[in-house]
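Residues per chain, in single letters:
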Amino acid sequence: MAFISSGYNTEKPMENRITDIGPIKYDNFYPPVIAKNKGKWLYHEILEPGVLVHVAESGDEVYTVRVGGARLMSTGLIREISEIAEKHCDGHLRFTTRNNIEFMVDDKSKVEPLKKDLAGRKFPGGSFKFPIGGTGAGISNIVHTQGWIHCHTPATDASGTVKATMDEVFKDFQDMRLPAPLRISMACCLNMCGAVHCSDIAILGYHRKPPMLDHEYLDKICEIPLAISSCPTGAIKPAKVEWKGETVKSVAVNNERCMFCGNCYTMCPSMPLSDKTGDGIVLMAGGKVSNRISQPKFSKVVVAFLPNDMPRWPKMTETITRMVETYATDARKYERLGDWAERIGWERFFDKCEIEFTHHLIDDFRDPAYYTWRQSTQFKF
Ligand code: SF4
Ligand code: SF4
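Residues numbered from 1 in each chain as written. Chains lettered and ligands numbered in written order. Predicted model: local features only at pLDDT ≥ 70, side-chain atom pairs only at ≥ 80, totals over all residues. Heavy atoms only, no water.

> Would you mind showing me how to read the environment of Ala 304 here?
Structurally, Ala 304 is set in strand E11 (residues 300-307). Here the alpha-carbon distance between Ala 304 and Tyr 26, two residues 278 residues apart in the chain, equals 43 Å. Residue contacts for Ala 304: discarding those within four places in its chain leaves Ile 281, Val 282, His 360 and Leu 361. (Helix = DSSP H or I, 4+ residues; strand = E, 2+ residues; numbered from the N terminus. Contact = heavy atoms within 4.5 Å.)

Shown next as structure tokens:
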């Protein structure tokens, strides 16, 4: 009956049928030169940091100027991006997975005016609005998560830590002096909406205390079975608790089993776990998704905890800068950070980067270190 009342004709079931119910199809937005040469590209080159050329079989060329973007943008900035794309690129642009913006033109003569226009636009404080770079053997934009802007479980901020880090490594955004690409990622809790598990350097927000239990309201605002089943380690069980002379239904947490993931808080607002001293940052290193030289790898924890010293997180940025500089001078050409650490040995990685190796680093996320650190009598820590 519902079909009939909404106009569905059982005699002609395909009539007026709508199947394309997702976002509008991407090829509506191709720049003409890309539509014309789709699937027929011969090669591409990075002409200079931030500028690429793709050459098609037909001889057509596409020049791309890549600039750093941000994950959170005002409509004013987006309008300005659109205005640039309309002025130079016939109204076309694209965003990369790392929130870079790419402006594409179909003729070499259009590159310099575009670059000049982009480099000339600045924020009132003097910083580039559209810094050109982020290609090849340098540091591209940092992918990151929501942080204190609007997620409920972060152990640190996302935009703030990324801004502090990017300010320190910005010269490598506009340069390609490194042995290979170096990808930095950030996730503000271990649920990791960001790609921190497979980045050369990763910043991870980490809680160190189990959830607090608000027995007074827990049964009133949470579904206790849902809270229990949300825990990946089975650390939560139902409990009857004495509260202000009454027996109330609540939960108990086995703190030994808790890995401070915050899933229970997602399901039950009466189990918050944010804590001023308990929350902070873990640094990881050596992950990648590339197949070159070695298989893709997970990042390993290299700094177990750094406090949340906002607004600039100086200990975090110092450690990251040290890793970048040591990698830049010590690795061989084409070696990613993890390839370099494995070649010289992870002990040397810690020595050279002046990072203390502690017992907290023995396990990493997925497996006991037995499988992941190099195991032999030469392992000195
Ligand atoms: Fe929220 Fe965690 Fe994702 Fe950060 S990483 S946005 S805290 S779920
Ligand atoms: Fe379980 Fe995670 Fe909550 Fe700890 S924080 S009790 S591991 S759901």
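Now, onward.
> For this particular structure, what's the right way to read the site of ligand 1?
All residues in the neighbourhood of ligand 1 are listed as Thr 145, Gln 146, Cys 151, Thr 153, Pro 154, Cys 188, Cys 189, Met 192 and Cys 193. Its residues assigned to classes, the shell around ligand 1 shows six nonpolar, three polar and no charged. (Near = heavy atom within 4 Å. Nonpolar A, V, L, I, M, F, W, Y, C, P; charged D, E, K, R; others polar.)

> Explanation requested: the state of the cysteines in the structure shown.
Cysteine pairs can be covalently joined through their sulfur atoms, and such a bond is termed a disulfide. The full count for this structure, using the stated rule, is one disulfide. Each sulfur in the disulfide pair Cys 222 and Cys 268 lies 2.2 Å from the other. On the S-S bond that ties Cys 222 to Cys 268, the torsion sits near 75°, and the link is right-handed. A residue pair is termed long-range when its members are at least 10 positions apart, and Cys 222 in the loop between helix H6 (215-221) and helix H7 (224-229) and Cys 268 in the loop between helix H8 (263-267) and strand E10 (280-285) qualify at 46 residues. Relative accessible area serves as the criterion here: at 0%, Cys 268 is assigned to the buried category. (Disulfide = S-S within 2.5 Å. Buried < 20%, exposed > 50% of the residue type's maximum accessible area, 1.4 Å probe, protein only.)

> Would you explain the packing of helix H9 (residues 314-330) against helix H10 (residues 337-344) in this entry?
Any two packed helices are characterised by how steeply their axes cross, that is the angle between the axes, and by the distance between the axes. Relative to each other, H9 and H10 sit at 70°, their axes nearing to 11 Å. The orientation of H9 with respect to H10, classified from their angle, is roughly perpendicular. Where H9 crosses over H10, the two elements pack in a sense that is left-handed. Where H9 approaches H10, its residues Thr 326, Tyr 327 and Asp 330 are matched on the opposing element by Leu 337, Trp 340, Arg 343 and Ile 344. (Axes fitted to C-alpha atoms, helices over the stretch in contact; angles between N-to-C directions. Parallel < 35°, antiparallel > 145°, perpendicular 65-115°, else oblique. Left-handed = near helix turned anticlockwise from the far one by under 90°.)

> Mind showing me how you'd approach helix H5 (residues 159-169) here?
Every α-helix carries 3.6 residues per turn, so stepping three or four residues along brings you back to the same face. Restricting attention to buried positions, one finds in H5 the residues Gly 160, Thr 161, Val 162, Ala 164, Thr 165, Met 166 and Val 169. Check the buried side of H5 and you find it contacts strand E6 (184-187), strand E7 (201-206), E10 and H9.

> Any chance you could explain the pattern of salt bridges here in plain terms?
Close approach of charged atoms allows side chains of opposite charge to pair. By the definition in use, this model includes 26 salt bridges. Across the pair Asp 27 and Lys 25 runs a salt bridge whose closest N-O atoms are separated by 2.9 Å. Relative accessible area serves as the criterion here: at 34%, Asp 27 is assigned to the partly exposed category. Residue Lys 25 is classed as partly exposed on the basis of its relative accessible area of 41%. Between Glu 80 and Arg 121 there is a salt bridge, with its nearest N and O atoms 3.1 Å apart. Of this pair, Glu 80 sits in helix H3 (residues 75-88) while Arg 121 sits in the loop between helix H4 (111-120) and H5; the two residues are 41 residues apart in sequence, bridging distant segments of the chain. An identical accessibility class is assigned to Glu 80 and Arg 121; each is buried. (Salt bridge = Lys/Arg side-chain N within 4 Å of Asp/Glu carboxyl O.)

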